Amino acid sequence: MNTQVDVKQFGKVAVVCGGFSAEREVSLNSGKAVLDALLSKGVDAHHFDPADTDISKLREFDRVFNVLHGTFGEDGSLQGVLDGFNIPYTGCGVLASAIAMDKFRCRLIWQSLDLPNVPYVVLTDDSDFDAIEEQFGLPMFVKPAAEGSSVGVMMIEEKGGLAKAYPTLKQYHGAILAEKAITGGEYACAILGDDALPSIRIIPQGKFYDYEAKYNSNDTVYQCPSDLTAEQERQMGELAKKAFEAVGGRGWGRVDFLKDDSGKLYVLELNTVPGMTDHSLVPMAAKARGLDLASLCVAVLSQTL
């Protein structure tokens with residue numbers, strides 16, 4: 001991807017981060033990384049936290065680099081505001097953002113296109129929790145459908161654990177999903193423009209890739225290039241692009257995958273505002289393609305021109 005652009009074209013750029021969601025601290029870290037990267041390239045970039053500044057002040061900017069993770073920044077709300085202000089912004093639009101933020105509805109679309117989904121059920125107060133444990137086997141996972149950064153994800157390892165976990169997860173907005181554990185490996189494939197970047201194998205030292213492993217642990221191992229065969233790499237790239245296009249994705253994003261012990265790939269979820277911290281996956285994949293963080297940020301911002 002060509003990053004040789006005249007940065008003056010961008011005008012005054014707001015790097016929107018922080019906010020009020022459970023991912024506030026991660027978002028602030030992403031925002032700082034993006035702001036420093038853009039400034040290093042000569043972009044007229046400025047920090048903008050909706051928790052501190054009235055959102056109407058965005059009218060003073062020419063475009064927005066959105067790294068507001070979670071609720072409001074990633075669910076279509078900020079995108080709707082910016083559309084109303086007629087301000088270009090990075091990443092997906094209103095509908096794609098809203099769908100991707102809701103893992104359940106996102107999966108319904110993928111299922112309709114026969115993309116390989118992780119087996120799951122939606123939990124309700126009337127669910128037969130014991131039968132679901134029997135269906136998926138242990139260990140299995142349960143998670144809120146509308147949170148990111150592994151917020152609320154729990155591994156169920158003991159019989160009766162699902163019924164105990166369910167009331168805890170009702171504090172979160174949206175559906176609650178129970179999932180079969182797919183144990184052959186965790187992967188991520190970033191999308192930049194029309195390209196799928198090299199895949200990343202994620203090897204957490206704990207039981208799974210939870211919030212701690214994503215943002216605080218220095219023990220998580222990332223393999224990029226990953227251990228996929230050339231054919232699996234091609235297949236993952238194609239699946240990632242199909243999954244992204246299915247919801248109307250644009251600009252950039254990250255599709256997460258699981259692989260079973262036989263080598264079959266399963267689409268897990270789609271992140272439309274990926275992290276940009278020193279632990280983040282998209283910068284890692286871009287580096288394998290020859291793009292440093294500053295060049296990556298310019299490439300993402302160029303999608304708004």
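Anyway, here's the lowdown on the structure attached to this text. Remember, predicted model here, so these are calculated numbers, not experimental data.

### Describing the pattern of salt bridges
Per the stated rule, a full pass over the model turns up 11 salt bridges. Residue Glu269 is joined to Lys143 by a salt bridge in which the shortest nitrogen-to-oxygen separation is 3.7 Å. Of the two residues, Glu269 sits in strand S13 (residues 265-271) while Lys143 sits in strand S5 (residues 140-144), which places them 126 residues apart along the sequence. Both residues of the pair, Glu269 and Lys143, count as buried.

### What to know about the sheet that holds strand S1 (residues 12-16)
Taking strand neighbours across the sheet as the criterion, the 3 strands line up as S2-S1-S3 in an open arrangement whose pairing is parallel. On the outer flanks of this sheet lie strand S2 (44-48) and strand S3 (63-66), each paired with one strand and no other. The mean inter-strand angle of the sheet, taken between neighbouring strand axes irrespective of direction, is 30°. In this sheet, S3 lies alongside S1 in parallel orientation, the contact comprising 4 bridges. Its bridge partner lying in S3, Val13 is registered against Arg63. Contacts between helix H1 (residues 24-40) and the sheet are confined to S1, S2 and S3, with S2 contributing the most and set at about 165° to the helix. On top of the sheet, helix H10 (residues 293-302) reaches S1 and S3; it is set at about 125° to S3, its chief contact.

### A short note on the layout of surface pockets
Taken as a whole, the second largest pocket spans an internal volume of roughly 190 Å³. Looking at which element gives the most residues to the lining of the second largest pocket, the answer is helix H9 (residues 281-288), with 3 residues. Grouping the amino acids of the lining of the second largest pocket by side-chain chemistry returns 5 nonpolar, 2 polar and 3 charged.

### Looking at the packing of helix H3 (residues 94-101) against helix H4 (residues 103-112)
Orientation of H3 relative to H4, taken along the N-to-C sense of each, is 105°, at an axis distance of 5 Å. In terms of orientation, H3 and H4 fall into the roughly perpendicular class. Within the contact between the two elements, H3 uses Ile99, Ala100 and Met101 and H4 uses Lys103, Arg105, Cys106 and Ile109. When grouped by side-chain class, the residues that make up the contact of H3 with H4 number 5 nonpolar, no polar and 2 charged.

### Details of helix H2 (residues 77-85)
Where H2 is concerned, the buried positions are Leu78, Gln79, Leu82 and Phe85. Buried residues of H2, seen end-on, are gathered within an arc of 125° and therefore sit on one face of the element. Asn86 sits one or two residues past H2 and shows a positive phi near 60°.

### Observations concerning the packing of aromatic side chains
Taken as a whole and judged by the stated rule, the model has 4 aromatic pairs. An angle of 65° between the planes, with centres 6.0 Å apart, marks the rings of Phe65 and Trp252 as edge-to-face. Separated by 187 residues along the polypeptide, Phe65 in strand S3 and Trp252 in strand S12 (residues 252-259) bring together distant segments of the chain. Exposure remark for Trp252: the relative accessible area of 1% places this residue in the buried category. Ring geometry for Phe104 against Tyr120: centres 6.3 Å apart, planes inclined by 75°, an arrangement best described as edge-to-face. Of this pair, Phe104 sits in helix H4 while Tyr120 sits in strand S4 (residues 120-123), and the two are 16 residues apart along the sequence. Here the basic side chain of Lys12 rests over the ring of Phe61, its NZ or CZ set 4.8 Å away from the ring centre. Here Arg107 stacks its cationic end above the ring of Tyr120, 5.2 Å away from the centre of that ring.

Conventions used here
Residues numbered from 1 in each chain as written. Predicted model: local features only at pLDDT ≥ 70, side-chain atom pairs only at ≥ 80, totals over all residues. Heavy atoms only, no water. Salt bridge = Lys/Arg side-chain N within 4 Å of Asp/Glu carboxyl O. Helix = DSSP H or I, 4+ residues; strand = E, 2+ residues; numbered from the N terminus. Buried < 20%, exposed > 50% of the residue type's maximum accessible area, 1.4 Å probe, protein only. Pairing = 2+ DSSP bridges. Axes fitted to C-alpha atoms, helices over the stretch in contact; angles between N-to-C directions. Contact = heavy atoms within 4.5 Å. 1 Å grid on protein atoms, 1.4 Å probe; cavity = no way out; pocket = protein on both sides within 12 Å on 5 of 7 lines; lining within 4 Å. Points joined across faces, edges and corners; volume = space filled by probe spheres on them. Nonpolar A, V, L, I, M, F, W, Y, C, P; charged D, E, K, R; others polar. Parallel < 35°, antiparallel > 145°, perpendicular 65-115°, else oblique. Arc of directions from axis to C-beta. Phe/Tyr/Trp six-rings, centres within 6.5 Å; stacked < 30°, edge-to-face > 60°. Lys NZ or Arg CZ within 6 Å of the ring centre and 35° of its normal.

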